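Summary of the model geometry
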Amino acid sequence: GPIQPVCFPLALGAVRAGVELGAAALDDALRARLIRRGFPDLLNRLRPAITIPAPQAGDEPLDGRRRPGEAMYLDEIAASMPPLASAVADAIRDGALALALGGDHALSLGTLAGAAATAERLAVLWIDAHGDINTPETSPSGHVHGMPLAAALGRGPSVLTDLFAETPPIRPEDTVMLGLRDLDPGERAWLAEGTIHYATMAHIDDRGLDATIADAIDRLRASGADAVHVSFDLDVLDPLLLPGTGTRVYGGLTFREAARLLRMLRDSDLPIRSLDWVELNPALDPSGGSTAVAAELLAIALGETTD
Ligand code: DIR
Ligand code: MN
Ligand code: MN
Ligand code: MN
């Protein structure tokens, strides 16, 4: 079916300039790649991108220190989400895969709200070095990009959880996380509650990549959810492969591991209706290599195949 890119050039959630450039860079690089490699069918499925305006930093520098318990740019970010949620919901209702191009990971507040609005019961696959289940109280950084999944699961400030007030709730038991290797103390405490299914990089090494992915797919399928949202934070990749992202953590996925994960998801029967591709910061990798890697993996996720 058709693919609807939705660009959302947000940097306030990461509090890091440059990540707002990722959305347009990804859209351009994806199209250029599909033309160059000769995948006209996939290119034909790709609709022109929609860009939803994201709030910008203005005159203040993006590296301000915060007060304890504060979430930086919380109100601006929250207020910007309903139009993004609507664009995602419209694309899904129109039969397209909603492809959100970021921008930082706070945009998942909007994409999850939009996807949840179109589903009876939405399951979530979160692929990230980080958990993104902080609240302002547990967050060491105060950065909202570390909080979107918490809010979608009902924890956090009401200005964020209210974005999900009119959607069926997303349940922790319908949530699967892959690639984790940098969790904050409050996030570890939540995962220790045992309801969210998660695989750290160490778990992937112990159990094996294929088995871990198969477990995740089984879990999502068995949830009974009628739709699955996949959120791909590019920092799940090893920083030696993709340095152009704001919160780099060693020990991430290789290109081939990520490609295999994406092929297994693509070839699964999961009802994936929406996909986030976030946290590319082209300013942190002027060589352009990170943008190229991000676009190559996206093409694989969308169905480019030389199998
Ligand atoms: C960190 C980083 N846990 C925070 N989070 C990131 O700021 O809450 N998520 N980068 O992907
Ligand atoms: Mn993230
Ligand atoms: Mn991350
Ligand atoms: Mn951060």
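This text follows the structure it describes.
A brief structural summary. (Residues numbered from 1 in each chain as written. Chains lettered and ligands numbered in written order. Predicted model: local features only at pLDDT ≥ 70, side-chain atom pairs only at ≥ 80, totals over all residues. Heavy atoms only, no water.)

Time to look at the environment of R266. Within the secondary structure, R266 is located in helix α10 (residues 255-267). Accessibility expressed as a relative area gives 22% for R266, which makes it partly exposed. Among the polar contacts made by the side chain of R266, one reaches the main-chain carbonyl oxygen of E304 at a distance of 3.1 Å. (Helix = DSSP H or I, 4+ residues; strand = E, 2+ residues; numbered from the N terminus. Buried < 20%, exposed > 50% of the residue type's maximum accessible area, 1.4 Å probe, protein only. Polar contact = N/O pair within 3.5 Å; in protein donor to acceptor, adjacent residues only side chain to side chain.)

Here we come to the coordination of the manganese ion (ligand 4). The protein atoms that coordinate the manganese ion (ligand 4) are H143 (ND1) and H145 (NE2), at distances spanning 2.3 to 2.5 Å. Taken individually, H143 and H145 each receive the classification buried, so the pair is uniform in this respect. (Donors = N, O, S within 2.8 Å, 3.2 Å for Na, K, Ca; no water.)

To continue, consider the packing of aromatic side chains. Each aromatic ring pair is described using two quantities: the centre-to-centre distance and the angle formed by the ring planes. In the structure shown here, the tally under the stated rule is one aromatic pair. On the basis of an interplanar angle of 10° and a centroid distance of 4.3 Å, the ring pair of F232 and W277 is categorised as stacked. Of the two residues, F232 sits in strand β7 (residues 227-233) while W277 sits in strand β8 (residues 272-278), which places them 45 residues apart along the sequence. R155 extends its terminal NZ or CZ atom over the ring of W190, reaching a point 3.8 Å from the ring centre. (Phe/Tyr/Trp six-rings, centres within 6.5 Å; stacked < 30°, edge-to-face > 60°. Lys NZ or Arg CZ within 6 Å of the ring centre and 35° of its normal.)

This next bit is on the pairing of strand β6 (residues 197-200). Bridge count for strand β5 (residues 175-180) against β6 is four bridges, and the pairing is parallel. Within the sheet, the bridge partner assigned to L180 lies in β6 and is T200. (Pairing = 2+ DSSP bridges.)

Before going further, it helps to examine unusual backbone geometry. Note that the residue after G102, namely G103, is joined by a cis bond; omega there is 15°. The topology assignment puts G103 in the loop between β3 (97-102) and α4 (108-117). Of note, the phi angle at D132 is positive, near 55°, even though the residue is not glycine. Take D132: it is sitting in the loop between β4 (122-127) and α5 (148-152). On the basis of relative accessibility, which here comes to 4%, the residue D132 falls in the buried class.

This part is about the coordination of the manganese ion (ligand 2). All of the protein donors around the manganese ion (ligand 2) are H105 (ND1), D128 (OD), D132 (OD) and D233 (OD); their distances to the metal are 2.1 to 2.2 Å. Here the donor residues of the manganese ion (ligand 2) are spaced in sequence according to H-x22-D-x3-D-x100-D. For the pair the manganese ion (ligand 2) and the manganese ion (ligand 3), the metal-to-metal distance amounts to 3.3 Å, and D128 bridges them. Linking D128 in the loop between β4 and α5 with D233 in strand β7, this pair joins segments that are 105 residues apart in sequence. Exposure class is identical for D128 and D233. Each is buried.

Time to look at the sheet that holds β4. Adjacent strands of a sheet pair through backbone hydrogen bonds, lying either parallel or antiparallel. Spatially, the eight strands line up as an open sheet ordered β2-β1-β3-β8-β7-β4-β5-β6, and their pairing is parallel. In this open sheet, the two edge strands, each paired with only one partner strand, are β2 (50-51) and β6. Note: strand β1 (residues 3-8) against β2, two bridges, orientation parallel. Counted as the bridge partner of C7 is T51 from β2.

All chains considered together, the criterion is met by 13 salt bridges. D269 is the partner of R221 in a salt bridge, and the nearest nitrogen-oxygen pair spans 3.0 Å. With a gap of 48 residues between them, R221 in helix α9 (residues 209-222) and D269 in the loop between α10 and β8 connect regions that are remote in the sequence. A residue is classified by how much of its surface remains accessible, and D269, at 55% relative accessible area, is exposed. By sharing partners, the salt bridges in this structure join R33, R37, E296 and E304 into a single network. (Salt bridge = Lys/Arg side-chain N within 4 Å of Asp/Glu carboxyl O.)

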